[in-house]
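A closer look at the structure
Spelled out, the chains give:
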Amino acid sequence: MALTLAFGLGGYASAQEAAPAAVTELKDFSIGAPDAKVQIIEYASFTCPHCANFHETVFKSLKTDYIDTGKVQFTYREVYFDRPGLWAAMIARCGGDMRYFGISDILFETQQEWPASDDPAVIFENLKKIGRTAGMDDAAMDVCMKDANTAQAMIDRSEANMTADGVEGTPTLMINGVKHSNMTYADLKAILDEELAK
């Protein structure tokens, strides 16, 4: 699935312009109690329509019923099928722990809008508008978006995680280490209740 870093946008990250700065330590972003009985990892892409649908029809109820009540810890693992998906993840990560899931919400809710251009510059500006909505300034976002080393490390890490867990499409859920494909909230609830009853 090798995704190249041909950003081709004056000043933004490209493999040729990679600064020698150290790569930021990459991590997954999680919400919910770390010691929850059920651990869910979602593999998803910010440009995947099925992922946006999952976010709208399943995740909100999952968060209310299981994550916010301490029964489930939810971890989001980004998958990059295209450059806009990678750029969106870079903007979300730029917001740090406090803003990551809020920015993710906006990215999924406006998925029909922000990547809807063939012009990379327009997509970048749309993503920066989302970042501004979340309270980031242009200077901070420019630093994040120009970090080609981190972008490449994100791609490498995503591909390694997907290979390790046998992920072939999105969204894919790992529930206490067992792989599941996309599902309705009712089906997910049944699995979670069964895990919680063990």
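As shown above, the structure is provided for reference.
Now for a description of the structure that goes with this document. It should be emphasised that the depicted structure is a prediction, and the values quoted were computed from it without experimental measurement.

Calculation rules
- Residues numbered from 1 in each chain as written.
- Predicted model: local features only at pLDDT ≥ 70, side-chain atom pairs only at ≥ 80, totals over all residues.
- Heavy atoms only, no water.
- Helix = DSSP H or I, 4+ residues; strand = E, 2+ residues; numbered from the N terminus.
- Expected span 1.5 Å × (residues − 1).
- Buried < 20%, exposed > 50% of the residue type's maximum accessible area, 1.4 Å probe, protein only.
- Polar contact = N/O pair within 3.5 Å; in protein donor to acceptor, adjacent residues only side chain to side chain.
- Phe/Tyr/Trp six-rings, centres within 6.5 Å; stacked < 30°, edge-to-face > 60°.
- Pairing = 2+ DSSP bridges.
- Axes fitted to C-alpha atoms, helices over the stretch in contact; angles between N-to-C directions.
- Contact = heavy atoms within 4.5 Å.

**Regarding helix α2 (residues 83-94)**
Under the 1.5 Å per step criterion, the end-to-end length of α2 is 16 Å for twelve residues, consistent within 8% with the ideal 16 Å. Of all twelve residues in α2, eleven are buried; the element is thus mostly enclosed. For α2, the capping residue at the N-terminal end is aspartate 82, with a side-chain oxygen 2.8 Å from the backbone nitrogen of glycine 85. Looking at the residues trailing α2, positive phi occurs at glycine 96, about 75°.

**Quick word on the packing of aromatic side chains**
Applying the stated criterion to the full structure yields nine aromatic pairs. Considering the side-chain rings of phenylalanine 46 and tyrosine 76, the 5.3 Å spacing of their centres and the 25° angle between planes classify their relative orientation as stacked. Of this pair, phenylalanine 46 sits in the loop between β2 (38-44) and α1 (49-67) while tyrosine 76 sits in strand β3 (residues 72-78), and the two are 30 residues apart along the sequence. Pair check on accessibility: phenylalanine 46 and tyrosine 76 agree, each one buried.

**With respect to the sheet that holds strand β1 (residues 29-31)**
Strand order in the open sheet formed by five strands is β1-β3-β2-β4-β5, with mixed pairing between adjacent strands. Either end of the sheet is taken by a strand with one partner, and the two such strands are β1 and β5 (178-181). On average, adjacent strands in this sheet sit at an angle of 25° to one another, irrespective of strand direction. As defined by bridge partners, β1 adjoins β3 across three bridges and the pair is classed as antiparallel. If you follow isoleucine 31 over to β3, its bridge partner there is phenylalanine 74. Packing against the sheet, helix α7 (residues 185-197) makes contact with β2, β3, β4 (172-175) and β5, and its axis sits at approximately 15° to β4.

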